[in-house]
Every structure is written in C-alpha cells, then in structure tokens.
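Summary of the model geometry
One-letter residues, chain by chain:
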Amino acid sequence: MSAAELSLWFDFASTYSYPSVMTAEARAAARGLRLRWRPVLLGPIFAAQGWRDSPFNLYPAKGRYMWRDLERICATEGLPWRQPEIFPAHSLLAARVSVAGRETPWLGDFVRGVFRAQFADGSDIAKPETLAAVLAEIGAGGEALEAAASEPVKQTLRAEVAEAQRLGLFGAPSFTVGEELFWGHDRMAAALDWAGR
C-alpha cells in the first residue's frame, strides 16, 4: 500500500513558506506520509483578487507584524533568519527550475536551498547564478536551469497555478490532501493529521 500524500503549495517569494518548506518533508516522513512539492506563483492568484502587490506591502501594519512573527517562528524552530532586502522576490525562475526538476531526487533539497539562500543568506533568488549555486551545492547538474526556459516547463507551471486556483488557494504556504485545503504554516499540523487519517 502506497503512503498517503500531502501536497505543499509554495511560492519562493512567500515568507511563511520558508519555515514550512524547511520542516514539512521531515514531519511528513515521520508520519509515513509522502510530501509532494507544488511550486506556484502568487502573482496571478493575487491579481485575481484585485491585488497588484503582496498584502504585506499593501497593508503596512500587517507587514510589520509578519516580519516580527516570522522572526519568532524561525527562532522557535531553530531556523536561520535574515530579512531579505527585496520583497517580494522575483520567484518565476526558481519556480520553473522546480518544475523542471519535479521528478528528480534532489527537488526537496533544491527548494530548501533556495529558501535558505533568500531568508538565511540574503541572496537574490531571481539571479540565475544564485540558483546555479544552489544546484551545485546539492550535486545537481545545470540541466533544470536550462530547461526552465522551455515551453513545456512554462506550460506546466501555468497549469499548476490554474490547479491552485481551482482548489481555492489564495496564499502560501497551502497544503492539500486531495481536495481538502489548509492554508498557512500554522495549519501544517492539521494538514498532516488529515493526511494520516
């Protein structure tokens, strides 16, 4: 019998996705669950809600709270933390590389490496050289970075965004178990419980 699956929908620009992607795979494995990485772009999802920027920029009080809250979460979970200079980051290329590498054994390491580069090291994840360095660090070749510009990868990412919208996603991180949606890092435990039922 195959393990139950938990999907983690994330945008590399999403602040609260950082602690989720850094811990979700280990937490899922501890429960005998398989984690499926689902890169998505929040830009089109926000645009459909009438937003042209992150809600954390649109509502400054909410943004100030988010930065302090994330600092507390990272301290609690033992994650390195550095507020990025660019927010939101341009996450398109990283998302496409993830799509290109979706069937590889290094995908989880790549996702965590990109988030670490942004939120621990302060690197600009829009730069191909940043992503190339992450790929090199995890022992992956540059094929996924080259494939990121291909039409099949672009179409697959667009399809993922459409699927996220169909499922009702409105932010990241989000978790799905089948059609059941859980939004936010703080709902990970509930999503894991649901997947393990």
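Here goes a summary of the coordinates provided. (Residues numbered from 1 in each chain as written. Predicted model: local features only at pLDDT ≥ 70, side-chain atom pairs only at ≥ 80, totals over all residues. Heavy atoms only, no water.)

Notes on the layout of surface pockets
- Of the volumes computed, that of the largest pocket is approximately 760 Å³.
- As for the largest pocket, its lining consists of 35 residues, of which Leu42, Phe46, Pro55, Phe56 and Ala172 are closest to the centre.
- Taken together, the elements giving at least two residues each to the lining of the largest pocket come down to α2 (42-48), α3 (55-58) and α4 (60-77).
- Broken down by class, the residue content of the lining of the largest pocket amounts to 19 nonpolar, nine polar and seven charged. (1 Å grid on protein atoms, 1.4 Å probe; cavity = no way out; pocket = protein on both sides within 12 Å on 5 of 7 lines; lining within 4 Å. Points joined across faces, edges and corners; volume = space filled by probe spheres on them. Helix = DSSP H or I, 4+ residues; strand = E, 2+ residues; numbered from the N terminus. Nonpolar A, V, L, I, M, F, W, Y, C, P; charged D, E, K, R; others polar.)

Overview of the nonpolar core
- Counting 48 residues, the largest nonpolar core has Phe12, Phe110 and Phe115 as its most contacted members.
- Sort the elements by how many residues they give to this core and helix α6 (residues 107-119) lands first, with seven residues.
- Not counting residues within four places of it along the chain, the set of residues in contact with Phe12 comprises Ser91, Ala94, Ala95, Ser98, Phe110, Val111, Val114, Phe115, Gln118, Phe119 and Ile125.
- Trp9, Leu157, Ala164 and Leu167 belong to the second largest nonpolar core, which has 15 residues in total. (Core = buried A, V, L, I, M, F, W, Y, C linked by side-chain atoms within 4.5 Å. Buried < 20%, exposed > 50% of the residue type's maximum accessible area, 1.4 Å probe, protein only. Contact = heavy atoms within 4.5 Å.)

Regarding helix α10 (residues 188-195)
- Taken together, the buried positions of α10 are Met188, Ala191, Leu192 and Ala195. Along the axis of α10, the buried positions cluster into a sector of 100 degrees, meaning they face one direction only.
- Buried residues along α10 sit in contact with β1 (5-10), α1 (17-30), β3 (174-177) and β4 (180-183). (Arc of directions from axis to C-beta.)

As for the sheet that holds β3
- Strand order in the open sheet made by the four strands is β2-β1-β3-β4, with mixed pairing throughout. Looking at the sheet topology across the chains shown, the edges are occupied by β2 (34-39) and β4. Along the sheet, successive strands turn relative to each other by an average axial angle of 25 degrees, direction set aside.
- Of the strand pairs in this sheet, β1 and β2 are connected by six bridges, and their pairing is parallel. (Pairing = 2+ DSSP bridges. Axes fitted to C-alpha atoms, helices over the stretch in contact; angles between N-to-C directions.)

Concerning the environment of Ala95
- Here Ala95 lies in helix α5 (residues 92-100).
- For the pair Ala95 and Asp11, spaced 84 residues apart in the sequence, the C-alpha separation amounts to 7.4 Å.
- Beyond its immediate chain neighbours, meaning those up to four positions away, Ala95 contacts Phe12, Pro39, Leu41 and Leu157.

Quick word on α4
- Given a rise of 1.5 Å per residue, 18 residues ought to cover 26 Å, and the 26 Å separating the end C-alpha atoms of α4 matches this to within 8%.
- The complete set of buried residues in α4 reads Gly63, Met66, Trp67, Asp69, Leu70, Ile73 and Cys74.
- Contacts made by the buried residues of α4 are with α1 and α3.
- Directly after α4, the chain includes Gly78, whose backbone phi takes a positive value near 70 degrees. (Expected span 1.5 Å × (residues − 1).)

Thoughts on the pattern of salt bridges
- For the structure shown, the criterion picks out 13 salt bridges.
- With a shortest N-O distance of 2.8 Å, Arg158 and Glu151 are connected by a salt bridge.
- Taking the relative accessible area as the measure of exposure, Glu151 reaches 39% and is therefore partly exposed.
- Glu163 is paired through a salt bridge with Arg166; the nearest N and O atoms lie 2.9 Å apart. Of this pair, Glu163 and Arg166 both sit in helix α9 (residues 151-166), three residues apart, which is roughly one turn of the helix.
- With a relative accessible area of 25%, Glu163 lands in the partly exposed category.
- A single salt-bridge network, built from bridges that share partners, covers Glu5, Arg34 and Arg36. (Salt bridge = Lys/Arg side-chain N within 4 Å of Asp/Glu carboxyl O.)

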